[in-house]
Structure formats: structure tokens, C-alpha cells
Amino acid sequence: MAQLDIQAVTKTFGTVSVLKDINLNIRSGEFIVFVGPSGCGKSTLLRMITGLETVSSGEIRIEGARVNETDPAQRGTAMVFQSYALYPHMSVAENMGFSLRMAGQKKTEIRDRVARAAAILRLDKLLDRRPGQLSGGQKQRVAIGRAIVREPKVFLFDEPLSNLDAELRVKMRAELLELHRRLKATMIYVTHDQVEAMTLADRMVVMNGGIVQQFGRPLDLYDDPDNLFVAGFIGSPRMNVMSAEVAEVTPTHVTVTSPGGADARLILPFRGLDPSIRQLSLGIRPEHVRLAEAGEGLPVAVDFVEELGDVTYIHGSMPAGERLVIRSGVRRLDPTLTTCHAALDPARFLLFDSEGQRLRESGSLPA
Amino acid sequence: MTAASESASGHRWAVADLWTWAVLKWVVAICIAIVAVFPIWWMVNVVFAEPGAPVSINPRLYPTSFSAGWDKIMMILTETQYLRAYYISVTYALLTILGVLLFGSMAAFEFALFDFPGKGLLFGVVMLSLMVPTAVTIIPTYLLVADLGWLNTMQGLVVPGLASAFGLFMLVQFMRSIPAEMIEAARLDGASHFQIYWHVALPLSKNALVTLAILTFMKTWGNFTWPLIVAPSPETYTVGQVVGLFNAPFSHQTVDVVMTANLLAAVPPLIFFLIFQRKIVEGIAMQGSKG
Ligand SMILES: Nc1ncnc2c1ncn2[C@@H]1O[C@H](COP(=O)(O)OP(=O)(O)OP(=O)(O)O)[C@@H](O)[C@H]1O
Ligand SMILES: [Mg+2]
């Protein structure tokens, strides 16, 4: 049984449709990340799960029980806000114990549970402080502590680290993973940072325009995206995309011409392409493109070069103006380099139709 | 002259400027303080003066007899209804403060942090009432209070002043700055609507509430007209009314006794002011920037 079931959920604000037909099954103990560009509805979905927004249609179930109408405090969810939303007039201990106090727990019980959560988060020495006297990272830990104290079935985090500096963010990320391992609780985490998503998620939900684009394990999404949006959103630098015309289709191969406007032919292994398709978008990751000798590969005009030490990215453009990033191990390239040649690994191409949907091989799949 | 000594002399100049500026500021401030304090000081000197000193000795720069002043004070407190008037005035002020804070904060909580049908219209009506001068509403309010049979009663004094449009406005402005996420967090923590008000919104508005309490105190303590018309019977005289009797053109009290009555009326606000000095200044500044 899924811990959290989201079935055909939609959300409209007035006449504006913000979420369309969301279906997700989240298993107990999973670390799920919602990721997508700003305004795609991540926060709205999270707020619907916890009950801060009503569900326009569809059903949300937690441990099998429908919670659409359940009071937010009774759903067994706890939320950590981006702004922390700590009560500034209460001490850290009072902040963490507030929900228990509202639930009418005994003072000793509250103190014990707060102390336990504080120990997990290394907040023991800060219990008497006010939020105003804490650093950003400490505030974030208190906000998480406030959630832990409630012992929820599902933790919800809405961009909890985005107010922290890069270094602290990496540290807090590690702490969150550690916490997840310890508590074995279901966690849902919202971010628009795909690196954060990849590092944290057991499975991630890529959203765009109120629609779930793909739901799966991070590397599956990386290797096997369902559409151009996911392909472009995940991975940094982004996947290269170029248009091409289909010249010939055989049962096992597709021959395309003028990839990215270059005067070239590529023969791609691909089973069972629909022969009516004339136009394709080809996707290939920078690590599957390498620098080649003149005469080999496609000509590329070099725009700029990023030398990161361990790896060098050459950002160039194809004759039709499409961007092409080449990943290279070569350090200290000739600085006057203005053109180069790129060899693309034909086996690594992903094919997309003109709507950006992924074309998958059909017929007998390779073993 | 070298560049270094030049810049040093420039520096000295700046210091001298600062000095003049500081001295000037102090002189001006002291002058204003003297002008402000002098009438009160004069009042004190008249009260604590040898009995029989002619009123025409002007100005009086220092007190001459403590015991004579004390006698006058005791005389007023024992032989007139002054103590009862104190009691009435203090009760009137405290009840009004309590009511204004309670109703103002509850209404502000809803207006500032939640949506409900008709909110804009209702708030508009309340704000409109801010524009209407008291002189216009005082007669209808009086008639209403009279109809209720509340003339010469404490509720007649207090109840009409409980809903303060100004207080509501001020608290709404203040509570709007409470982040929505904090209210949501409280909701998720299981706080009921009232508990959110009580445990989150109220404590966070403490500064505004204190300010409003002070402003309300000053207003009710100094309110002369309303008690005069709604509670004209001597049993419900406020301090203001009693002092009014002393000050009346045909009162046959001597000047020093009148001054004593006035001084006694000024003592509570003075004490209040000394305690809350900083808050009052902040409050007035807030009125200016927000109102
Ligand atoms: N209360 C509301 N009324 C009307 N529209 C809303 C409301 N709340 C959110 N929206 C709209 O819903 C869409 C999704 O908003 P949401 O906050 O869920 O985005 P998000 O994915 O969390 O974005 P971000 O990464 O910027 O936080 C946005 O277009 C937003 O304008
Ligand atoms: Mg958001």
C-alpha cells in the first residue's frame, strides 16, 4: 500500500488551472523530490497534501484514508517552510513544542519530545534562544525540529534550503539525508534546483506547467527522459538538442541529414521508427560529444570555453544556430580556437518528435 | 604646509564643527524643555507656597512651603469628591483601554490576515468613520445611550468608546506585516483560529498594542466632553469634570486651590508618561508614518 496516493488531482484558482491531473504513488519511507521551474505548481501541490489548499478535484490518500477534507493538523503531515516561519516571540524549545502544547500534551511529555528532537538536530544548547538569535542554518534546523516533534507520517519541505548560502546548503543537504536515514520517514521535498533534486531523491517528480512530466529515479530520468523538457531540465550543462531531417528509415537504423544545419549525414541505431516522421529533434548529452580532428564530425563555431579543471566544456553553435556543448578532458585549449569539430556518438542519441515527446524504439528490444 | 598637516587641520575643523553643532542642539533642546516644563513648575510653586501669598507675585520660581501645599492636597482629597473622581476616571480609562485593545485586535486579526466576503466594504465603512468628526456623532451616540438607560453609568461612559476605528486601522497595518506562512505554520501545528490569534498574532503585535493603550489612555483621561454630557451627575464625575468645577468662572476657590486640583489631575498622566516615555514617542512616530 502506498503511503501517499495522489489520484487525478487538479487545482484551479478561480478560472486559472494550476495543476492538471496529477497522479503519484509514493511509498512509505521514500525521499521524493518535486522539481520544476518557478510557477509550475510545486508549492501548490505540497500545500494541497498538507491541507493548506483545498483540492479542486481528485483525491489525496494518506495510508489509504482519504484526507481531502481532513484538518491540516490531523493529516499526519508536517511542513517546513522556506521562510522557516518560526514564532519570533517564542524560544526554540517553545517553537518546537508548540504543536504538542496545542494538542494538550503534558509539560513533561513535551519537554521529553523536544529534547529528543533537539538531540537529533544538535540544538540542545540553543533551546532557550529566540529565533532572532540564531543563524540561518540553525533556524532551518529548528524548523525541521518543529516538524520532527510531531512525529508525522509525511514530512513536507518547501525549498527549505534556498535562503542558505551554497556551502551551508550542501551541508544541510547531507544532514537531511542523514535525518531521512534515521527517521525512515516519508519525505517530500520541493526545489527548483535540479542538482539538489538529483542528490536527495529516491525518486523525483519533474513538473512543468502544472503537469507531471516524469516520475522516476534520478538516473533513469537522466538517461531515459520522456520528453524534451525533462531532457533539458535534468543535467548540467543541459543536453544538446538539434533538429534533423529523416532521410531513410530501416528496421534497425535511421539516417538523418543536416543535423543542426550541418552538411552531414548521421546513421543512428534505432528500431522501428514510424516512417511517416520527417522531422526529428535529436538530443545528446555533452559527455557523448567529443572533440574531433578536422574532417571528422560536425563543424562547430566556438562561443566560449569553460575550464573547470577536471573537465572542460566547449560551448559552440551549429550552423543552424543551435547550441552544442562538448565535454572534453583536454586542459588549456588553444585560446584562439574559433572553430572545432565535434564527434557525436550515434548510439547515444535520443530521438524526440516535433512536439518534444520522446520516440522510443519498438519491435524487439535489445536484451 | 605639508599635505598631512593640512588634512589634520581639516580634521580639527570637522571636530570643532561637531562641537558647535552638539552645543547648539543642547541649547535648543533645553530651551524647549524649559518652555514646556515651566507652567507645571509654576503650578507646583503656587501649590507649595506660603498661605496668603498674593496671587500677583509673578512669576514664582521656587516652592516656599511644603506643608502648606500638602495641606491643600489633603483638603481637596478629603473635602471634595476628588478620590471618587479618580476612581471613576481610572476605571473609565482602564476599561476603555481593555475594550479597545480586545475588540481592535480581534477585528484587526480578521481584517489583516484572512479573507471573508464583504471584507473590503466593511473595512471601508470603518475607515470612513475615521473621517467623521466626533462633534457629528456625539449627539446620536448620546441619544442611543440615553435610550439604553445608561446615562450616569460606567457602561454609558465606556461602551461607546470601545470600538476605535483608529485603533483598528493601526492594528491592521501592524498585523499585515505578520507573514502568512507563520499563520499557516500555526494552523499546521494544530492551533485553532482563536489560538492563532491568542498565541501568535497578539504577542507579535505587542508593540502596537502598548502604543494603542497609551494613546487610548491619553485620550480618555483628557476626554472632557463625553463624560460631561453622558454622566452629568456628581456621582459619576471624572477628574476632568471635577477640575472643571474648580476652574469654572464663578467658582469661589482661591487660585492656589484651583491650581492644586489641576496639579492632582496632571499627576497620573505625568507618571504614566515617565514610565512609558519611549513607547509614547515611538507611538506618536508610528501614528505619523502609518496613519
Ligand atoms: N492563491 C493563489 N491564487 C491564484 N493563483 C495562485 C495562487 N497560489 C499560486 N498561484 C499560481 O499557481 C501557480 C503555481 O504556483 P506555485 O507557488 O505552486 O509555484 P511553484 O512551483 O512553487 O513556484 P516557485 O518555484 O516559484 O515557488 C503560479 O502560476 C501562481 O501564480
Ligand atoms: Mg514554491
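None of these values were measured; they are calculated from a predicted model. (Residues numbered from 1 in each chain as written. Chains lettered and ligands numbered in written order. Predicted model: local features only at pLDDT ≥ 70, side-chain atom pairs only at ≥ 80, totals over all residues. Heavy atoms only, no water.)

**Let's talk about the overall build of chain A**
Item 1. When you go through chain A residue by residue, the secondary structure sums to eight helices and 21 strands.
Item 2. With the C-alpha coordinates of chain A rotated into their principal frame, the extents come out at 80 × 45 × 40 Å.
Item 3. For chain A, contacts bridging at least 24 residues in sequence account for 64% of all contacts bridging at least 6.
Item 4. If you sum the accessible surface of chain A, you get close to 16,900 Å²; carbon and sulfur atoms cover 49% of it.
Item 5. Chain A carries 44 positive and 44 negative side-chain charges, and their two centres are separated by 9 Å. (Helix = DSSP H or I, 4+ residues; strand = E, 2+ residues; numbered from the N terminus. Contact = heavy atoms within 4.5 Å. Areas by Shrake-Rupley, 256 points an atom, 1.4 Å probe, with all protein chains shown as cover. Lys, Arg positive; Asp, Glu negative; His and termini not counted. Charge placed at Lys NZ, Arg CZ, Asp CG, Glu CD.)

**Structural notes on the environment of Val-18 of chain A**
All names here are of chain A.
Item 1. Examined against the element boundaries, Val-18 turns out to sit in strand E2 (residues 16-26).
Item 2. Judged by its relative accessible area of 18%, Val-18 is buried.
Item 3. Here the alpha-carbon distance between Val-18 and Gly-356, two residues 338 residues apart in the chain, equals 22 Å.
Item 4. The contact partners of Val-18, leaving out residues within four places of it in the chain, are Lys-11, Thr-12, Phe-13, Cys-40, Gly-41, Thr-44 and Gly-210. (Buried < 20%, exposed > 50% of the residue type's maximum accessible area, 1.4 Å probe, protein only.)

**Points about the domain arrangement of chain A**
All names here are of chain A.
Item 1. Domain annotation for chain A reports domain 1 (4-233) and domain 2 (240-359).
Item 2. The centre of domain 1, based on its C-alpha atoms, is set 39 Å off from the matching centre of domain 2.
Item 3. Listed per partner, the contact involves eight residues of domain 1 and nine residues of domain 2.
Item 4. For the domain 1 and domain 2 pair, buried surface summed over both sides reaches about 760 Å², with 49% attributable to carbon and sulfur atoms.
Item 5. Across the contact surface, domain 1 and domain 2 share one salt bridge.
Item 6. In this structure, Asp-224 engages Arg-358 in a salt bridge whose closest nitrogen and oxygen atoms are separated by 2.6 Å.
Item 7. There are six residue pairs in polar contact (both at pLDDT 80 or more) connecting domain 1 and domain 2. (Domains from an automatic or database assignment. Buried area = accessible area lost by both parts, 1.4 Å probe. Salt bridge = Lys/Arg side-chain N within 4 Å of Asp/Glu carboxyl O. Polar contact = N/O pair within 3.5 Å; in protein donor to acceptor, adjacent residues only side chain to side chain.)

**With respect to the packing of aromatic side chains**
Item 1. Taken as a whole and judged by the stated rule, the model has 20 aromatic pairs over all chains.
Item 2. One aromatic cluster in this structure is built from Tyr-82, Tyr-86, Phe-217, Trp-221, Phe-272 and Phe-276 of chain B.
Item 3. The positively charged end of Arg-285 of chain A is found above the aromatic ring belonging to Tyr-222 of chain A, 3.8 Å away from the centroid. (Phe/Tyr/Trp six-rings, centres within 6.5 Å; stacked < 30°, edge-to-face > 60°. Lys NZ or Arg CZ within 6 Å of the ring centre and 35° of its normal.)

**Overview of the UniProt feature "transmembrane region" (unreviewed entry) in chain B**
Residues and elements named next belong to chain B.
Item 1. In the numbering adopted here, UniProt assigns the feature "transmembrane region" (unreviewed entry) to residues 21-44, 85-109, 121-145, 157-175, 196-218 and 257-276.
Item 2. The distance from the first to the last C-alpha atom of residues 85-109 is 35 Å, and the span holds 100% helix and 0% strand.
Item 3. Secondary structure across residues 157-175 divides into 68% helix and 0% strand, with the first and last C-alpha atoms of the span separated by 29 Å. (UniProt positions renumbered as here; feature names shortened; annotations may be inferred.)

**Focus: the domain arrangement of chain B**
Residues and elements named next belong to chain B.
Item 1. What the domain assignment reports for chain B is domain 1 (3-72) and domain 2 (80-290).
Item 2. In this structure, domain 1 and domain 2 have C-alpha centres spaced 34 Å apart.
Item 3. Counting residues at the interface gives seven residues for domain 1, matched by seven residues for domain 2.
Item 4. Of the roughly 760 Å² buried at the junction of domain 1 and domain 2 (both faces included), carbon and sulfur atoms supply 88%.
Item 5. The shortest N-O distance in the salt bridge between Lys-72 and Asp-256 comes to 3.4 Å.
Item 6. In terms of residue count, the dominant contributor to the side of domain 1 that touches domain 2 is helix H1 (residues 3-47) (four residues).
Item 7. The class makeup of the residues in the side of domain 1 that touches domain 2 is six nonpolar, no polar and one charged. (Nonpolar A, V, L, I, M, F, W, Y, C, P; charged D, E, K, R; others polar.)

**A look at a nonpolar patch on the surface**
Residues and elements named next belong to chain B.
Item 1. A cluster of nonpolar side chains, namely Leu-102, Phe-103, Met-106, Phe-194 and Trp-198, defines an oily patch on the protein surface of about 490 Å² accessible area.
Item 2. Of all elements in the fold, only helix H3 (82-113) and helix H9 (193-204) reach the threshold of two or more residues within the nonpolar patch.
Item 3. The element best represented in the nonpolar patch is H3, accounting for three residues. (Patch = residues over 30% accessible without salt bridge, like charges linked within 9 Å, V, L, I, M, F, W, Y side chains within 5 Å.)

**Points about the UniProt feature "domain: ABC transporter" (unreviewed entry) in chain A**
Item 1. Under the local residue numbering, the UniProt record ascribes the feature "domain: ABC transporter" (unreviewed entry) to residues 4-234 of chain A.
Item 2. Along residues 4-234 of chain A, the helical share is 37% and the strand share 26%, with 25 Å between the first and last C-alpha atoms.

**Digging into the sheet that holds strand E4 (residues 57-62) of chain A**
Residues and elements named next belong to chain A.
Item 1. The four strands lie next to each other as E2-E1-E4-E5, forming an open sheet whose pairing is antiparallel. Among the strands making up the open sheet, the edge pair consists of E2 and strand E5 (65-66).
Item 2. Two elements, strand E1 (residues 4-13) and E4, share five bridges in a ladder whose sense is antiparallel. By the bridge assignment for E4, Ile-6 is matched with Ile-60. (Pairing = 2+ DSSP bridges.)

**What to know about unusual backbone geometry**
Residue and element names in this part refer to chain A.
Item 1. Look at the link from Ser-236 to Pro-237: it is a cis peptide, with omega at -5°.
Item 2. Secondary-structure assignment places Pro-237 in the loop between helix H8 (228-233) and strand E11 (240-249).
Item 3. Here Glu-63, not a glycine, exhibits a phi torsion of approximately 50°, which is positive.
Item 4. Tracing the chain through its elements places Glu-63 in the loop between E4 and E5.

**Brief notes about the confidence of the model for chain B**
Item 1. Considering every residue of chain B, the mean pLDDT works out to 85; 90% of them sit at 70 or more.
Item 2. Ranking the helices and strands of chain B by mean pLDDT puts H9 of chain B first, with 95, and helix H13 (residues 255-290) of chain B last, with 77. (pLDDT = per-residue confidence, 0-100.)

**Observations concerning the UniProt feature "domain: ABC transmembrane type-1" (unreviewed entry) in chain B**
Item 1. UniProt records the feature "domain: ABC transmembrane type-1" (unreviewed entry) at residues 86-276 of chain B, using the numbering of this structure.
Item 2. Structurally, residues 86-276 of chain B comprises 76% helix and 0% strand, and the distance from its first C-alpha atom to its last is 20 Å.

**Considerations on the environment of Asp-21 of chain A**
All names here are of chain A.
Item 1. Topologically, Asp-21 is positioned in strand E2.
Item 2. Here Asp-21 falls in the partly exposed class, since its relative accessible area comes to 48%.
Item 3. With 191 residues separating them along the chain, Asp-21 and Val-212 place their C-alpha atoms 8.4 Å apart.
Item 4. Ignoring sequence-local partners within four residues, the contact set of Asp-21 consists of Ala-8, Val-9 and Thr-10.
Item 5. Within polar-contact distance, the side chain of Asp-21 engages the side chain of Asn-23 at 3.2 Å.

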